[in-house]
Amino acid sequence: MRAVALYKYLPSDHPEALVDVELPAPTPGPGDLLVRVHAVSVNPVDTKVRAPKEKVETEPRVLGWDAAGVVEAVGSDVKRFRPGDEVYYAGSIARPGTNSELHVVDARIVGRKPRSLSFAQAAALPLTAITAWELLFERLGVSREKGGPKDAVLIVGGAGGVGSLATQLARQLTNLTVIATASRPETVAWCTAQGAHHVVDHRQPLAKQVLALVPEGVRYVLALTATEQHFPQLVEAMTPFGQLGIIDDPQSPLDVSAMKRKSLALHWELMFTRSLFNADPLSQQRLLDAVADLVDAGTVKTTMAQDFGPIIAANLRRAHAAVETGRTVGKIVLSGFP
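Residues numbered from 1 in each chain as written. Predicted model: local features only at pLDDT ≥ 70, side-chain atom pairs only at ≥ 80, totals over all residues. Heavy atoms only, no water.

Quick word on unusual backbone geometry
With phi around 55°, S263 is a residue other than glycine that occupies positive phi space. Within the element layout of this structure, S263 appears in the loop between β13 (238–246) and β14 (265–268). Overall, the relative accessible area of 43% leaves S263 in the partly exposed class. With a phi close to 50°, N278 is a non-glycine residue in the positive phi region. Its place among the elements puts N278 in the loop between α8 (273–277) and α9 (282–296). Accessibility expressed as a relative area gives 47% for N278, which makes it partly exposed. (Helix = DSSP H or I, 4+ residues; strand = E, 2+ residues; numbered from the N terminus. Buried < 20%, exposed > 50% of the residue type's maximum accessible area, 1.4 Å probe, protein only.)

Written as structure tokens, this is what we have:
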């Protein structure tokens, strides 16, 4: 089968950072699906794993943690799926990635593809939808009751993949006032289109802008990017007993003692935790099915912004380079093999 892999961990503009390879077709285990991949998307985790380091792989390593495709075969223990089913999922960081014609995945973390979306449009969603949903509703405990208290949520990096889904979910499924951050006209417009009630500029101090909109402060914060840079402002902008969720990798220590005065809570979210520790992975299938239902009902929409063409090394290197700028809007997808 055709695939895109790496042997060395190199800058994205190096011609050997990602290379086209031919690999043996994988065989699904008892609880697995074998999926023919039709489309993938690129996430920051792809670029972080590929980032330059001294390590050299003796066998080609395939990256990629989003896919939409068609079930080719099922393991002996799989009851729900059958060959021909259209699916989407985010895979496991502990197994080979999705940038290949055929991919093996634990059936418990696979959802049905939204019927109203193309494979490319669907591939944009899984990893970011799982992250946004788990962060909002599981880590931070946001209520999905529309008639609840009129609290507010601040989403830092609202135009990114997770921010886009978090904005849609918060606006459509909760009673929260949704405040997103963006700094360019095109990202402000994108955040507004996703459903943000307000957009503030993260290049300027955030607390003053947020407190002008909600003087009592925000109860929930989704810190999705540059958390170490914004952390003091986030604490200042929060209401007492607020909930702060983080998904990025701060490059310097956070002074969490600053949270004590307001009795704030800090939560980490990594959507791979469930598959890494076999911690109720089936919940992610239920989550993806719920998102598919929301998409097909017109409540949630795809965040695909660009299709970079077929799944080949040159296009994936270009996608990695774009994601590394930190300036992409929505999601970049690749679809089909040449």
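So much for the structure itself; the text now carries on.
Considerations on helix α5 (residues 185–194)
The complete set of buried residues in α5 reads T187, W190, C191 and Q194. End-on, the buried residues of α5 take up no more than an arc of 95°, which puts them together on one face. Looking at the buried residues of α5, the elements they touch are α4 (161–173), β10 (177–181), β11 (198–200) and β15 (304–307). Of the residues flanking the end of α5, it is G195, one or two places downstream, whose phi is positive at about 120°. (Arc of directions from axis to C-beta. Contact = heavy atoms within 4.5 Å.)

Notes on the nonpolar core
Ranked by size, the top nonpolar core spans 78 residues in total, and within it L33, L169 and L222 carry the most contacts. With 8 residues, the top contributor of residues to this core is helix α3 (residues 126–139). Setting aside residues up to four positions removed in sequence, L169 forms contacts with A132, W133, L136, F137, T174, L294 and V300. The next biggest cluster of nonpolar side chains, apart from the first, holds 22 residues, and it includes A207, V221, I246 and M259. (Core = buried A, V, L, I, M, F, W, Y, C linked by side-chain atoms within 4.5 Å.)

Concerning the sheet that holds β13
Pairing in this open sheet of 6 strands is parallel, and the strands run β11-β10-β9-β12-β13-β14 from one edge to the other. The open sheet has two edge strands, β11 and β14, and neither has a second partner. Here the average twist between neighbouring strands, direction ignored, is 20°. Here β13 pairs with β14 via 4 bridges, running parallel. Bridge pairing in β14 places G245 opposite H267. (Pairing = 2+ DSSP bridges. Axes fitted to C-alpha atoms, helices over the stretch in contact; angles between N-to-C directions.)

Considering the packing of aromatic side chains
If you walk through the whole model with that rule in mind, you get 2 aromatic pairs. Where W65 meets F272, the ring centres are 6.3 Å apart and the plane angle is 70°; that geometry is what we call edge-to-face. Of this pair, W65 sits in the loop between β4 (53–62) and β5 (67–74) while F272 sits in the loop between β14 and α8, and the two are 207 residues apart along the sequence. The residues W65 and F272 share a single accessibility class, namely buried. Considering the side-chain rings of W133 and F137, the 5.1 Å spacing of their centres and the 75° angle between planes classify their relative orientation as edge-to-face. Placement of both W133 and F137 in helix α3 is noted, with a separation of 4 residues, approximately one turn of the helix. One cation-aromatic arrangement involves K113 over F119; the distance from NZ or CZ to the ring centre is 5.1 Å. (Phe/Tyr/Trp six-rings, centres within 6.5 Å; stacked < 30°, edge-to-face > 60°. Lys NZ or Arg CZ within 6 Å of the ring centre and 35° of its normal.)

Points about α4
Between its first and last C-alpha, α4 extends 18 Å over 13 residues, near the 18 Å set by a 1.5 Å rise per residue. Of all 13 residues making up α4, 11 are buried, and the element is well covered by its neighbours. Residues of α4 that are buried: G161, V162, G163, S164, L165, A166, T167, Q168, L169, A170 and L173. (Expected span 1.5 Å × (residues − 1).)

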